[in-house]
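Each chain, written out:
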Amino acid sequence: MPTPAQALRHEYLRHNKKFPHVWCPGCGNGIVMGALLRAIHRLEITKDEVVLASGIGCSGRMPTYLDFNTLHTTHGRALTFATGVKLANPALNVVAIMGDGDATAIGGNHFIHAARRNLNLTAIIINNSIYGMTGGQYSPTTPFGSKTTTSVYGHIEHAFSIAELAVTAGASFVARSTVYHADLIDRLIEQAMQKRGFAVVEVISNCHVQYGRRNHLGGAVEMLKRFKDQAVTVSRAKKLSPEELEGKTTIGVLVDRELPVSTEEYKKVRRRAHESGDKV
Amino acid sequence: MGKATKQSESVDNINEKGASGRKKFFDVSFYHDWCKACGICMAFCPQKIIGADSRGRPVIEDGDRCVGCRFCEIHCPDFAITVSDRKPKRRINDV
């Protein structure tokens, strides 16, 4: 008799041909993948109703390992492919899985405009502060002053906050977690997939091989401990002063609001055009 | 934070004991073919019962002390850990 965790792996993973996966020992991508499985399992959606789209990068490997309808697309274009799938068949649950470079650098425009359009999609962004797969170049979320292969003497640019960017761009649901808080990730993904409108879940992850090693942050265990120490919940962050929040990561649901969803508005427009009787 | 209270609750549960009045036992098993010896399970185990063998791979040192919090199971990036309720042994050579 398999345990619930074993049953989950047998049901959702392409375990007979793709494992062990390519990610480095201790990589947070595996933890996010487990959380995604638990969230989908709890929502009781069948495998045929879920579409996963991903771009290029370490995070882009994730749909390869999962037995849903999967799309491994070009760099930064996970959301564009997801938009197409959603418009073609609005009944599907479409999840775009992106890395930080994928979502905010190469696909930066797609990301903000997907949030502005407010399509009924879920975007999971794994933020490890670096381009890990290509050899550790700095990404838009690399913190100021940190060392990477392309900023050997310290990074001179300032980092994006992906979650705050999504809030400003107009997403319906924005949440943030870290890989240490794995049970929070699956609760947030569950809420995001139930949400009508564009839902963003940013997960702060560890790249100890490319980022942690060059910045003397230690291995996977030390980086996870740092996430634990730095994390502050949204409710607690409200009570703290900006000085106390310096260097902290706010986790939890940042924004949850009801906005018109473009897939539904599109249906209404079609109806209005049809009823007007204009010959176009 | 919810995490901390959750963990302390599960630790309290050992003293409370199950409905049968006995301490609940768990079995932790590792699928070493998928394990990459990252060390997350050993470092974060609240009972510190996971040790390393000569290749750095996890082994259970004192399985009776496991409280079944499943931190290792949900934080294993390689899906290599299974925590299950301990079943009574029926045969002498049951593992």
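About the criteria used
Residues numbered from 1 in each chain as written. Chains lettered and ligands numbered in written order. Predicted model: local features only at pLDDT ≥ 70, side-chain atom pairs only at ≥ 80, totals over all residues. Helix = DSSP H or I, 4+ residues; strand = E, 2+ residues; numbered from the N terminus. Buried ≥ 20, exposed ≤ 12 C-beta atoms within 10 Å, placed from the backbone. Contact = placed C-beta atoms within 7 Å. Nonpolar A, V, L, I, M, F, W, Y, C, P; charged D, E, K, R; others polar. Axes fitted to C-alpha atoms, helices over the stretch in contact; angles between N-to-C directions. Parallel < 35°, antiparallel > 145°, perpendicular 65-115°, else oblique. Left-handed = near helix turned anticlockwise from the far one by under 90°. Pairing = 2+ DSSP bridges.

For chain B, the helix and strand inventory stands at three helices and four strands. Starting at the N terminus and ending at the C terminus, chain B contains elements arranged as α-β-α-β-β-α-β. Out of the 95 residues belonging to chain B, those deemed buried represent 26%. Look at the contacts in chain B between residues 6 or more apart in sequence, and 56% of them connect residues 24 or more apart.

In this section: the interface of chain A and chain B. Of the residues lining the interface, 23 residues belong to chain A; the matching set on chain B comes to 17 residues. Breaking the side of chain A that touches chain B down by element, the ones donating at least two residues are helix H1 (4-12), helix H2 (28-43), helix H8 (182-194) and helix H10 (220-230) of chain A. It is H2 of chain A that provides the largest number of residues to the side of chain A that touches chain B, a total of five residues. Its residues assigned to classes, the side of chain A that touches chain B comprises twelve nonpolar, nine polar and two charged.

All names here are of chain A. Packing of H2 against H8 brings their axes to within 8 Å, and their N-to-C directions diverge by 50°. One finds that H2 runs oblique with respect to H8. Seen from above, H2 lies across H8 with right-handed handedness. Between H2 and H8, the residues in contact are Ile31, Val32, Ala35, Leu36, Arg38, Ala39, Arg42 and Leu43 and Ala182, Ile185, Asp186, Ile189, Glu190 and Met193, respectively. Of the residues assigned to the contact of H2 with H8, the class counts are ten nonpolar, no polar and four charged.

We now examine the sheet that holds strand E10 (residues 249-256) of chain A. All names here are of chain A. Taken in spatial order, the eight strands line up as E2-E1-E3-E4-E8-E7-E10-E9 in an open sheet, and their pairing is mixed. Two strands lie at the open edges of the sheet, namely strand E2 (69-72) and strand E9 (231-233), each paired on one side alone. Strand-to-strand twist across the sheet, computed as the mean angle between neighbouring axes with direction ignored, equals 20°. Sitting on the sheet, H8 touches strand E3 (93-99), strand E4 (122-127), strand E7 (173-178), strand E8 (199-204) and E10, and the angle it makes with E7 is about 165°. Those strands touched by H10 are E7, E8, E9 and E10, and its axis lies near 35° from that of E9.

Residue and element names in this part refer to chain A. When E7 meets E10, the two strands line up antiparallel, connected through four bridges. By the bridge assignment for E10, arginine 176 is matched with glycine 252. Two strands pair when backbone bridges link them, and E9 and E10 are joined in this way by three bridges, in the parallel orientation. Bridge pairing in E10 links alanine 231 to threonine 249.

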